[in-house]
Amino acid sequence: MPICQHCGYKWVWIEAFLKMFTFKKKLRCPSCDSSQYVSKKSRKLLGLFIFISLLFVPLVSFGVPKGYVLAFEIIVYALVIILMPFIYKLSNKDEPMW
Ligand SMILES: [Zn+2]
């Protein structure tokens, strides 16, 4: 779970989950209201998950029914969304991606 780097407040799942969906890089701590940023490592990890899930799309050309691949993709994305708050780490300042 994300922990505020300013006050040490541990975010609960629903707080992290809702804030993730604002798609802002800057997140406000529910406890101390300071600006927190999603760490570079967490963003890279998210990119990696998306990349891995996309690797299964070419299975369609190997005769795997499209419906199966689509269902699989939906399950993977749902899992990533549910698990994201657990792997999110916060940082006090905005870190450049590279
Ligand atoms: Zn805080």
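Please refer to the structure higher up on the page.
Residues numbered from 1 in each chain as written. Predicted model: local features only at pLDDT ≥ 70, side-chain atom pairs only at ≥ 80, totals over all residues.

Draft legend 1. The overall build of the protein, seen in detail. Looking only at helices and strands, the protein has 3 helices and 3 strands in total. Ordered by position from N to C terminus, the α and β elements of the protein give α-β-β-α-α-β. Taken along its principal axes, the extent of the C-alpha atoms in the protein is 55 × 30 × 15 Å. In the protein, once contacts between residues fewer than 6 apart in sequence are set aside, the share between residues at least 24 apart is 62%. (Helix = DSSP H or I, 4+ residues; strand = E, 2+ residues; numbered from the N terminus. Contact = placed C-beta atoms within 7 Å.)

Draft legend 2. Local environment of the pairing of strand β2 (residues 35–38). Covered by surrounding structure in β2 are Gln-36 and Val-38 only, the residues Ser-35 and Tyr-37 on the alternate face being uncovered. Sheet topology places strand β1 (residues 26–28) next to β2; 3 bridges connect them, and they run antiparallel. Along β2, the bridge assignment pairs Arg-28 with Ser-35. Hairpin connection, β1 to β2: the antiparallel pair is bridged by 6 residues, and Asp-33 has positive phi, about 65°. By the bridge criterion, 2 bridges tie β2 to strand β3 (residues 90–91) in an arrangement that is antiparallel. The partner of Val-38 across the bridge, within β3, is Leu-90. (Buried ≥ 20, exposed ≤ 12 C-beta atoms within 10 Å, placed from the backbone. Pairing = 2+ DSSP bridges.)

Remember, this is a structural readout, not a statement about activity or role.
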